[in-house]
Amino acid sequence: MENQRPVIISPSLLASDFTRLGQELDDLEKAGISWVHWDVMDGAFVPNITFGPPVISACRKRSSLFFDVHLMIENPDRYLDEFAKAGADLLCVHAEACLHLERTVSEIARLGIRPAVSLNPHTSLNVLEYVLPQLYMVLIMSVNPGFGGQSFIPFSMDKVSRLKKMIREKDADTLIQVDGGVTPDNTYELVQRGADILVSGSAFFAYPPYRERLEVFENAAAGR
Ligand code: DX5
Ligand code: ZN
């Protein structure tokens, strides 16, 4: 098995009930969830708009979950400071949105936040070659970003294996996250190939109670 660490499930709030966001966070925490995934969209990098620092900041006061913030925004440098102040634990920028990726990654680390980089499905792993050791996590997008509920793009599986190999070769301890179309059905293979964190939106929130759904994912990850 590629991965000895227990998999982390990071539910994507995009699929949660926005009218009860605070309660959703409480329920996730009570269900044994440790990470929660915030999909920030700007209507420019992706054709959809969601939420930004004020919403995250308000929720930070209520929740001690690990805030995994996925920035699907153009020129994220403009907002790193604001997201740090809002209470992000990790900031994940898209390589496609950063002209000077090393600068952006260094700035996130300087702000005391864990730096991560996301790649769209078509983007080669090559862009990570030199920055990989600086990254706490790499996010492999397994759908084109912008919407929840899309189908997993099959070639993403191979990309996870290749990234795992690259991390080993660099002797780095970077974590691998996979986001988009993740379900209990593809969980086992993703973990086998080296995924450490799985984001799930529609396949998580549509199946309460959350504690039982978490168990379904954990059992799938363990091949049970
Ligand atoms: C897509 C987002 C994903 C999405 C996942 O742009 O980055 O986090 O919400 O949702 P599902 O699990 O429904 O594909
Ligand atoms: Zn996401």
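Keep in mind it's a predicted model, so treat the numbers as computed, not measured.

## Examining the site of ligand 1
Then, number 1: Close to ligand 1 lie 20 residues, the nearest being Asp-39, Gly-146, Gly-149, Asp-179 and Ser-202.
Then, number 2: At a separation of 2.7 Å, an oxygen atom of ligand 1 approaches a polar backbone atom of Gly-146.
Then, number 3: With respect to ligand 1, the backbone of Gly-149 contributes an N or O atom lying 2.8 Å from an oxygen atom.
Then, number 4: Contact with the protein chains hides 99% of the accessible area of ligand 1, taken as 380 Å² for the molecule alone.
Then, number 5: Judged by the proximity of its atoms to the pocket grid, ligand 1 belongs to the largest pocket.
Then, number 6: Of all the secondary-structure elements, those providing two or more residues to the shell around ligand 1 are strand S2 (35–41), strand S3 (66–72) and strand S8 (197–200).

## Description of the coordination of the zinc ion (ligand 2)
Then, number 1: Coordination of the zinc ion (ligand 2) by the protein involves His-37 (NE2), Asp-39 (OD), His-70 (ND1) and Asp-179 (OD), with metal-donor separations of 2.0 to 2.3 Å.
Then, number 2: Viewed at the metal, the 6 donor atoms of the zinc ion (ligand 2) are separated by angles of 70 to 170 degrees, and the geometry they form is octahedral.
Then, number 3: For the zinc ion (ligand 2), the donor residues sit on a single chain with the sequence spacing H-x1-D-x30-H-x108-D. Of the two residues, His-37 sits in strand S2 while Asp-179 sits in strand S7 (residues 175–179), which places them 142 residues apart along the sequence. Considered together, His-37 and Asp-179 belong to a single accessibility category, that of buried residues.

## Digging into the pattern of salt bridges
Then, number 1: Under the defined criterion, the tally for this structure stands at 9 salt bridges.
Then, number 2: Salt-bridge contacts for Glu-107 lead to Arg-110; the nearest nitrogen and oxygen are separated by 2.9 Å. Taken together, the positions of Glu-107 and Arg-110, both in helix H4 (residues 101–110) and 3 residues apart, correspond to about one turn of that helix.
Then, number 3: Salt-bridge contacts for Glu-189 lead to Arg-193; the nearest nitrogen and oxygen are separated by 2.8 Å. Of the two residues, Glu-189 and Arg-193 are both situated in helix H6 (residues 184–193); the distance of 4 residues between them amounts to about one turn of the helix.
Then, number 4: With relative accessibility at 36%, the residue Glu-189 sits in the partly exposed group.
Then, number 5: With a relative accessible area of 25%, Arg-193 lands in the partly exposed category.
Then, number 6: What you see here is one network of salt bridges that share partners, running through Arg-20, Glu-24 and Asp-27.

## Observations regarding the sheet that holds strand S4 (residues 90–94)
Then, number 1: The sheet built from 8 strands is open, its strands ordered S1-S8-S7-S6-S5-S4-S3-S2 with parallel pairing. Two strands lie at the open edges of the sheet, namely strand S1 (8–11) and S2, each paired on one side alone. Strand-to-strand twist in this sheet, taken as the mean axis angle between neighbours without regard to direction, amounts to 25 degrees.
Then, number 2: With 5 bridges connecting them, S4 and strand S5 (residues 114–119) associate as parallel partners.

Procedures and definitions
Throughout this document, residue positions are counted from 1 along each chain, in the order its sequence is written. Chain labels run from A onward and ligand labels from 1 onward, assigned in the order the entries are written. Only residues with pLDDT of at least 70 get local features here, since the model is predicted, and only at 80 or more are side-chain atom pairs given and counted; chain-wide, interface and lining totals rely on the full set of residues. Only hydrogens and water are set aside; all other atoms, that is, all heavy atoms of the structure, feed into the side-chain values. If a single non-hydrogen atom of a residue is within 4 Å of a molecule or strand, that residue counts as near it. Polar contacts here mean pairs of N or O atoms no more than 3.5 Å apart (in protein, one a potential hydrogen donor and the other a potential acceptor; neighbouring residues in sequence count only if both atoms are side-chain atoms). Each accessible area is a Shrake-Rupley result for a 1.4 Å probe, and residues are judged covered by the shown protein chains and nothing else. The method works on a 1 Å grid over the protein atoms by themselves. A cavity is a set of points holding a 1.4 Å probe that cannot get out, a pocket is an open set with protein on both sides within 12 Å along at least five of seven lines, and residues with an atom within 4 Å of a point line them. In this description, a molecule resides in a pocket or cavity if more than half of its atoms sit within 2 Å of the grid points defining it. Think of it this way: any DSSP run of H or I at least four residues long counts as a helix, any run of E at least two long counts as a strand, and we number them from the N terminus. For Na, K and Ca the donor cut-off is 3.2 Å; for every other metal, N, O and S atoms count as donors within 2.8 Å. Water does not enter the count, which can leave sites looking incomplete. Sites are called tetrahedral only when four donors show all angles between 85 and 135 degrees, square planar or octahedral only when four or six donors show opposite pairs over 155 degrees and all other angles between 65 and 115, and irregular in any remaining case. To sort residues, take the accessible area from a 1.4 Å probe on protein chains only and compare it with the maximum for the residue type: under 20% means buried, over 50% means exposed, and anything in between is partly exposed. Any carboxyl oxygen of Asp or Glu that lies within 4 Å of a side-chain nitrogen of Lys or Arg is treated as forming a salt bridge with it. DSSP calls a pair of strands paired once it identifies at least 2 bridges connecting them. Orientation is described by lines fitted to C-alpha atoms, with helices fitted over the stretch in contact, and by angles between N-to-C directions that extend from 0 to 180 degrees.

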